[in-house]
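# A structural walkthrough
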Amino acid sequence: MYRLNCSTIISQLKRRLQYACDMSNLHGIKNIFSSQEISWPKRIFWLGILSACCFGAASVLRSSLRLLSSDVVSYSVDTNYLDWDTPFPAVTVCEQSDTNRIKSYLKKSDLPLSLSNFFKEVSFWNMKCCRTCTWCELNKTCVENFVEDVMKIRLNCSELLSDCWLGGKHFRCCERFKPMDTEYGVCFVFNSALHESPVFTVNQKIGNPSLLFTTVDSSMIRIHASEEIVSIDMDNILGRTNILPIMANLEAILKVEQTVNDVSVMSISKKIRNCLFTDEQPPFVKKWPFKKYSHSACVLYCRALSQYSLCNCTHHFMSNLAKLPSCGVHGLACLSINKDEILKMNCTCPMRCEETSYKVTHVFYNRSSKSADNVIRSSRSVVRLAQLPTIRIRRFALRDNLGLVDITCDEAQCASPCENSAPPPYCPKTMPDCPTECVCMPLCQQPTILCFQMKFCQKKKWFLRSKLL
């Protein structure tokens, strides 16, 4: 009974398939499954033809899907520089190691001078971390609770910086050089986007101001983008001149290279665009401790995780940054022993989508060996741009999620705010009423979705002014 039912079902399915193939408009398929008497060579021939067509169609479809999911981002050069706001470079000033200051603090605090090597290694950044911690004796050549002593040994802002000028206007150094935890300890950063204050930008109206500041102790200077955090892996664009001893003068003239994005780039997945925006976090991170994403912060956090995985703690300079436990003497000894393994750890840290980089065009450095008796021993540094930028790189999406939807080219649609967008090559015939004052328009002339502010295509309204007699 069961076999009879199965054979009946199979025969019914066979007849329906033959009927569907006989009535089908698809060329050649009825020659394969037709109920008519057709020779087997003919059926095999048409089966081969149909299989080849299906294989070709699948290949074309697969290449189209691959094209849709890769090479979707392109770059263009933007030259509409009249309306640009270019961020001024961030300048980080960190103090250098001072053995005399450490010995003076030990004498003042009634601590043995045998601790000088230990405090020199824990108070200032050292490539070998803390070699003294691997063999020291507690309370004789090292101490356990040393963080408070380190804070007292290091200089504060007013003890390191004095006499600051921006664009010819004097300002209090500590109002704009704000403290920040870095891999070198607490440093003082000018124009950092990680602080609550707005980033200082330059444009055609403001001009090209210079930053001048004076340091009264040996210091290290790093110039970088305002979103970055200083770390040992960061590119040192100043080279050897970044170490500024007393009675030295430094002038750095820079050029800026900026990459901006169209709004359409945000609709592309992180994996395809291969960059992250400031409100995103890398894939390997569960709890991102920073307010904004940057490549240097990602590398720094990766190193902190490496330290924690090997020694169950992080360096005391990085514990506040990474929100991980701080190392004591034994933990620092572990970091010193495993320093090579820590550096080998590699994390996937994409670049920022909106990236600003600075390069040195000229560096003037000189050092004076003598100073007048009534002159305070100090060093003077000047940072400025060679000129305001006239070109920048714009990243835009060739294909995004809108490419899967049936939309009309040269038709504007409301989009999220796009303050730094460039004007379009031409305006749409009609403009929608958008509260964000930003629209996106697929261009008919090229496969690009361009987003711009509505003000570029709005007609100016003229009002008649009546004269009061």
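Everything below is about the structure shown above.
So, here's what we can say about the structure. (Residues numbered from 1 in each chain as written. Predicted model: local features only at pLDDT ≥ 70, side-chain atom pairs only at ≥ 80, totals over all residues. Heavy atoms only, no water.)

Turning to the environment of I153, a few remarks are in order. Summarising the element assignment, I153 is placed in helix α6 (residues 147-153). Taking the C-alpha atoms as reference points, I153 and L106, 47 residues apart in sequence, are found 9.4 Å from one another. Each residue touching I153, except ones within four places of it in the same chain, is listed here: R101, I102, Y105, F119, S123 and F124. (Helix = DSSP H or I, 4+ residues; strand = E, 2+ residues; numbered from the N terminus. Contact = heavy atoms within 4.5 Å.)

Once that is clear, we can look at helix α10 (residues 295-311). Because the α-helix completes a turn every 3.6 residues, residues three or four places apart line up on one side. With 17 residues, α10 should cover 24 Å at 1.5 Å per step; its first-to-last C-alpha distance of 24 Å lies within 8% of that length. Counting buried residues in α10 gives twelve out of 17 residues, a clear majority hidden from the surface. The complete set of buried residues in α10 reads S296, A297, C298, V299, L300, Y301, C302, R303, A304, S306, Q307 and C311. Those residues of α10 that are buried lie in contact with α11 (319-322), α12 (329-337) and α13 (339-344). Where α10 terminates, the next one or two residues include N312, which has phi positive at roughly 60°. (Expected span 1.5 Å × (residues − 1). Buried < 20%, exposed > 50% of the residue type's maximum accessible area, 1.4 Å probe, protein only.)

All chains considered together, the criterion is met by 14 aromatic pairs. Both rings, one in F118 and one in F119, keep their centres 5.4 Å apart while their planes meet at 70°; by these two values the pair is edge-to-face. On the basis of relative accessible area, F119 is assigned to the buried category, the value being 0%. By way of ring pairs, the aromatic residues F88, F171, F177, F190, F200 and F213 are connected into one cluster. Its end group placed over the ring of F171, R176 keeps NZ or CZ at 5.5 Å from the ring centre. The ring centre of F200 lies 5.8 Å from the NZ or CZ of R176, which sits over that ring. (Phe/Tyr/Trp six-rings, centres within 6.5 Å; stacked < 30°, edge-to-face > 60°. Lys NZ or Arg CZ within 6 Å of the ring centre and 35° of its normal.)

In this section: the sheet that holds strand β6 (residues 177-182). The sheet built from five strands is open, its strands ordered β6-β7-β3-β10-β11 with antiparallel pairing. Only two strands of the sheet have a single neighbouring strand rather than two, namely β6 and β11 (243-244). Pairing of β6 with strand β7 (residues 185-190), which is carried by six bridges, proceeds in the antiparallel orientation. Residue pairing for β7: M180 is matched across the bridge by C187. (Pairing = 2+ DSSP bridges.)

Okay, unusual backbone geometry next. For N139, which is not glycine, the phi torsion reads 65° and is therefore positive. N139 gets classed as exposed once you look at its relative accessible area, which sits at 62%. Of note, the phi angle at N191 is positive, near 65°, even though the residue is not glycine.

This part is about the pairing of strand β4 (residues 161-166). As judged from the four bridges shared by β4 and strand β9 (residues 210-215), these two strands associate in the antiparallel manner. Residue L166 lies in a different strand from β9, and its bridge partner there is L211. Pairing of β4 with strand β5 (residues 169-171), which is carried by three bridges, proceeds in the antiparallel orientation. Among the inter-strand pairings, L166 is bridged to a residue of β5, identified as K169. What sits between the antiparallel neighbours β4 and β5 is a turn of two residues, in which G167 has the positive phi angle 60°.

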